[in-house]
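# Survey of secondary and tertiary structure
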Amino acid sequence: MRVGLTYDLESDYLAQGFSAEAAAEFDRPDTIDALEAAVRALGHTTDRIGHVRALAARLVAGDRWDLVFNIAEGVHGIGREAQVPCLLDAWGIPYTFSEPLVLALTLHKGMTKRVVRSAGVPTPDFAEVEDVDELGAVSLPLPIFAKPIAEGSGKGIGATSLVRRQEDLAPTVADLLLRFRQPVLLETFLSGREFTVGILGTGRAAEAVGVMEVKLLPTATGGGYGFTNKKDYQNRVTYAFPRPADDPMAAEAAAVALGAWKALGCRDAGRIDVRADAAGRVEFIECNPLAGLHPTISDLPILCAEHGLDFPALVARIVASAARRHGL
Ligand SMILES: Nc1ncnc2c1ncn2[C@@H]1O[C@H](COP(=O)(O)OP(=O)(O)OP(=O)(O)O)[C@@H](O)[C@H]1O
Ligand SMILES: [Mg+2]
């Protein structure tokens, strides 16, 4: 097959003046190199397309691909992760990972929580606020966890996200509203063990490939696996790989994650973050249908490698899943 690659290169956005935090979600060149090598190793030819505007120009110019391996997350708007799939749908070109509906939905953590909760997947009680004036109507018990409603890569999650005192809530929310210019999601704080679950496949064929436990060290800030703790993970975080067969909470994490994956209709591969509450019940935090694919730094490839699936094998599984769906 002729496989196109769509992505957002971090260096392009840093060069455009984006801050390190703003560009953190974009791809590094070694991610694209590794992805391209893995796709070629499957016997396909590759074509580097780049971001959504480059794709638009190429489509209008008449270029076509048998399959597009899409990791582009876009820049503008709540539909930014859906933009590349929308264009590819318009031209009838098959692509990896989820459809526009899922990619737009899961970027909005509040809407996503409504959907998974209605499917019976547990997720903490929450409120969405667009102005500090609305806090008077919020009746969540402390402690509360506060974060932007539609960000990833730990953006906006830091030292003040965990709110233990009522008087700290308004300043935290005001700061997040100002910095991210979008509603703030307030959630009941989950104080228990945290896991990220790697999922491979689509619908009934989906399976939890492994569970990674994220353990914050005393050097970590803010009670969450956020931007600073992720960036300095060597000093602030340790990871464990509990086997669901030996660890009931890890098994529950895998089941909750798989339930959310299926309820949302995610495709091919991704990651779901979950954490246990004070009572030891595992709850859904968020879904990553375009999980990071840096071969050695991103959680999904790390998790897969730990379970015997190296990076080329992970890419092969993703291509095979997408090809099966499209009858290629
Ligand atoms: N309700 C909560 N209770 C406790 N901790 C939370 C809660 N929500 C988020 N966190 C912590 O903050 C971290 C980041 O939150 P979340 O996964 O929503 O952000 P993200 O930026 O989308 O993450 P990613 O880097 O996976 O894209 C979680 O991994 C967890 O440690
Ligand atoms: Mg997360």
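Going by the structure above, here's the rest.
In this report, we go over the structure that sits alongside the text. Quick caveat, the model's predicted, so the values are computed rather than measured.

### Brief notes about the packing of helix α3 (residues 29-41) against helix α13 (residues 311-326)
- Put simply, α3 and α13 touch, their axes get as near as 9 Å, and they point 70° apart. Relative to α13, the element α3 is oriented roughly perpendicular. Crossing angle aside, the handedness with which α3 passes α13 is right-handed. Counting all contacts with α3, which are made through Ala34, Leu35, Ala38 and Val39, the residues of α13 involved are Phe311, Pro312 and Val315.

### Some remarks on helix α7 (residues 109-118)
- Within α7 the residues assigned to the buried category are Lys109, Gly110, Thr112, Lys113 and Val116. On an axial view of α7, the arc spanned by its buried residues comes to 155°, and they lie on one face.
- Considering only its buried residues, α7 is in contact with α6 (100-107), β4 (126-129), β5 (144-148), β7 (184-188), α11 (248-264) and β12 (282-288).
- Positive phi appears at Gly120, one or two residues downstream of α7, with a value of about 90°.

### Focus on the packing of aromatic side chains
- Applying the stated criterion across every chain yields a total of seven aromatic pairs.
- Between Tyr13 and Phe18, the aromatic rings sit 5.2 Å apart at their centres with planes inclined by 70°, giving edge-to-face as the arrangement.
- Considering the side-chain rings of Phe69 and Phe97, the 5.6 Å spacing of their centres and the 85° angle between planes classify their relative orientation as edge-to-face. Highlighted residues: Phe69 in strand β3 (residues 67-70) and Phe97 in the loop between α5 (83-90) and α6, separated in sequence by 28 residues.
- Counting every residue linked through ring pairs, the aromatic cluster contains Tyr13, Phe18 and Phe26.
- Seen from the ring of Tyr225, Lys230 lies directly overhead, with NZ or CZ sitting 3.9 Å from the centre.

### Focus on the coordination of the magnesium ion (ligand 2)
- With distances of 2.0 Å, the protein atoms coordinating the magnesium ion (ligand 2) are Asp273 (OD) and Glu286 (OE). Highlighted residues: Asp273 in strand β11 (residues 269-276) and Glu286 in strand β12, separated in sequence by 13 residues. The same class applies to Asp273 and to Glu286, which are both buried.

### Considering the site of ligand 1
- Taken together, the neighbourhood of ligand 1 is formed by 23 residues, with Lys147, Gly154, Glu194, Tyr225 and Lys230 sitting nearest.
- Contact between ligand 1 and Lys230: an oxygen atom at 2.7 Å from a side-chain N or O atom of the residue.
- Measuring from an oxygen atom of ligand 1, one finds a side-chain N or O atom of Glu286 at 2.9 Å.
- Coverage of ligand 1 by the protein chains reaches 97% of its 620 Å² of free accessible surface.
- Of the residues contributing to the shell around ligand 1, the split by class is six nonpolar, six polar and 11 charged.
- Domain assignment of the residues forming the shell around ligand 1 places at least three in each of domain 2 (105-121 + 191-326) and domain 3 (126-188).

### Some details on the layout of surface pockets
- Quantified by volume, the second largest pocket comes out at close to 190 Å³.
- Lining the second largest pocket are Asp8, Tyr13, Gln16, Phe18, His51, Val52, Arg53, Gly74, Val75, His76 and Gln83.

### Side note on α3
- An ideal rise of 1.5 Å per residue puts 18 Å on 13 residues; α3 measures up with 18 Å between its terminal C-alpha atoms.
- Turning to α3, its buried residues number three or more, namely Thr31, Ile32, Ala34, Leu35, Glu36, Ala38 and Val39.
- The inward-facing, buried residues of α3 contact β1 (2-6), β2 (45-50), β3 and α13.
- Taken from the residues just after α3, Gly43 is the one with a positive phi, measuring 95°.

### Examining the sheet that holds β1
- A sheet is described by the order of its strands in space; here three strands give the open sequence β2-β1-β3, paired in parallel fashion. Here the strands that pair on one side only, and so sit at the sheet edges, are β2 and β3. With strand direction ignored, the average angle separating the axes of adjacent strands in the sheet is 25°.
- Running at roughly 150° to β2, α3 makes contact with β1, β2 and β3 of the sheet.
- Lying on the sheet, helix α4 (residues 52-60) is in contact with β1 and β2; it crosses β2 at an angle near 115°.

What counts, and at which threshold
- Residues numbered from 1 in each chain as written.
- Chains lettered and ligands numbered in written order.
- Predicted model: local features only at pLDDT ≥ 70, side-chain atom pairs only at ≥ 80, totals over all residues.
- Heavy atoms only, no water.
- Axes fitted to C-alpha atoms, helices over the stretch in contact; angles between N-to-C directions.
- Helix = DSSP H or I, 4+ residues; strand = E, 2+ residues; numbered from the N terminus.
- Parallel < 35°, antiparallel > 145°, perpendicular 65-115°, else oblique.
- Left-handed = near helix turned anticlockwise from the far one by under 90°.
- Contact = heavy atoms within 4.5 Å.
- Buried < 20%, exposed > 50% of the residue type's maximum accessible area, 1.4 Å probe, protein only.
- Arc of directions from axis to C-beta.
- Phe/Tyr/Trp six-rings, centres within 6.5 Å; stacked < 30°, edge-to-face > 60°.
- Lys NZ or Arg CZ within 6 Å of the ring centre and 35° of its normal.
- Donors = N, O, S within 2.8 Å, 3.2 Å for Na, K, Ca; no water.
- Near = heavy atom within 4 Å.
- Polar contact = N/O pair within 3.5 Å; in protein donor to acceptor, adjacent residues only side chain to side chain.
- Areas by Shrake-Rupley, 256 points an atom, 1.4 Å probe, with all protein chains shown as cover.
- Nonpolar A, V, L, I, M, F, W, Y, C, P; charged D, E, K, R; others polar.
- Domains from an automatic or database assignment.
- 1 Å grid on protein atoms, 1.4 Å probe; cavity = no way out; pocket = protein on both sides within 12 Å on 5 of 7 lines; lining within 4 Å.
- Points joined across faces, edges and corners; volume = space filled by probe spheres on them.
- Expected span 1.5 Å × (residues − 1).
- Pairing = 2+ DSSP bridges.

In short, the description is geometric, and any link to function would need to be established separately.
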